Amino acid sequence: MKPDGIKVRTKSRCVELSWGAETFALSFEFLRVWSPSAEVRGHGTGNGVLQTGKKDVGLLRIEPAGNYALKLVFDDGHDSGLYDWNYLRHLCLNHDSLWQEYLQQLQQAGASRDSGLINIRPL
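Keep in mind that this is a model prediction, so the values were computed, not measured. (Residues numbered from 1 in each chain as written. Predicted model: local features only at pLDDT ≥ 70, side-chain atom pairs only at ≥ 80, totals over all residues. Heavy atoms only, no water.)

**Some remarks on the pairing of strand β4 (residues 59–65)**
Okay, so step 1: In terms of strand pairing, β4 meets strand β5 (residues 69–74) through six bridges, oriented antiparallel. Following the sheet pairing, alanine 65 is matched in β5 by alanine 69.
Okay, so step 2: Connecting the antiparallel pair β4 and β5 is a turn made up of three residues, with glycine 66 showing a positive phi of about 60°. (Pairing = 2+ DSSP bridges. Helix = DSSP H or I, 4+ residues; strand = E, 2+ residues; numbered from the N terminus.)

Pasting the structure below:
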C-alpha cells in the first residue's frame, strides 16, 4: 500500500511516511542499515553484511521506482536496493524491534554506529 505522504526532514535526518492518520519517522541511519539491497541483505539467508559506522549517513535524494518503490541515494555511495511500499510499511511497523536487533548485532560484533570520521556539516 503506497503511503499518502512522503517527506524528507533534513534537520531531524529522517524520512516521514504517512498512511492515513498514521505517521512514522525513519532515520536515515535506520533506512541505510535496513537497506533491502543484496549488498546489505546478502544473496541468501544468513549472508547479510552488518552495516557499521552509519550514524551520520546522509540522504542525498529519493527517486521513484515506478509506482511500487523508492530508491534512496545515501551520501556514503550506497544507492542500490528498492524500498517497496510493503517493505517501508514493515520498517515503520517494526521499527523498535528492528532497531534493537541492529544494536544487539553491533554489540555482538564489537562494532559501532560511529564512522570514526570527522563529521563536517554545511553551515
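Next, the rest of the story.
**A closer look at the pattern of salt bridges**
Okay, so step 1: Going through the model one piece at a time under the given rule, you end up with seven salt bridges.
Okay, so step 2: Two residues, glutamate 16 and arginine 9, come together in a salt bridge whose shortest N-O distance is 3.1 Å.
Okay, so step 3: Since its relative accessible area comes to 21%, glutamate 16 is described here as partly exposed.
Okay, so step 4: A salt bridge links arginine 61 to glutamate 63; the shortest N-O distance between them is 2.6 Å.
Okay, so step 5: The partly exposed category is assigned to arginine 61, whose relative accessible area is 44%.
Okay, so step 6: The network of salt bridges with shared partners includes Arg32, Lys54 and Asp76. (Salt bridge = Lys/Arg side-chain N within 4 Å of Asp/Glu carboxyl O. Buried < 20%, exposed > 50% of the residue type's maximum accessible area, 1.4 Å probe, protein only.)

**With respect to the sheet that holds β4**
Okay, so step 1: On the basis of which strands lie adjacent, the open sheet formed by three strands has the order β4-β5-β6 and antiparallel pairing. Pairing within the sheet leaves two strands with one partner each, and these edge strands are β4 and β6 (82–84). Averaged over all neighbouring strand pairs, the angle between strand axes comes to 30°, with direction disregarded.
Okay, so step 2: Here helix α3 (residues 85–93) sits on the sheet in contact with β5 and β6, set at roughly 80° to β6. (Axes fitted to C-alpha atoms, helices over the stretch in contact; angles between N-to-C directions. Contact = heavy atoms within 4.5 Å.)

**A word on the sheet that holds strand β3 (residues 22–27)**
Okay, so step 1: Read from one edge to the other, the open sheet built from three strands follows the order β1-β2-β3, with strand pairing classed as antiparallel. Across the chains shown, the open sheet's two edge strands, defined by having one partner strand only, are β1 (5–9) and β3. Along the sheet, successive strands turn relative to each other by an average axial angle of 20°, direction set aside.
Okay, so step 2: As judged from the six bridges shared by strand β2 (residues 14–19) and β3, these two strands associate in the antiparallel manner.

By themselves, these are just geometric observations and shouldn't be taken as functional.
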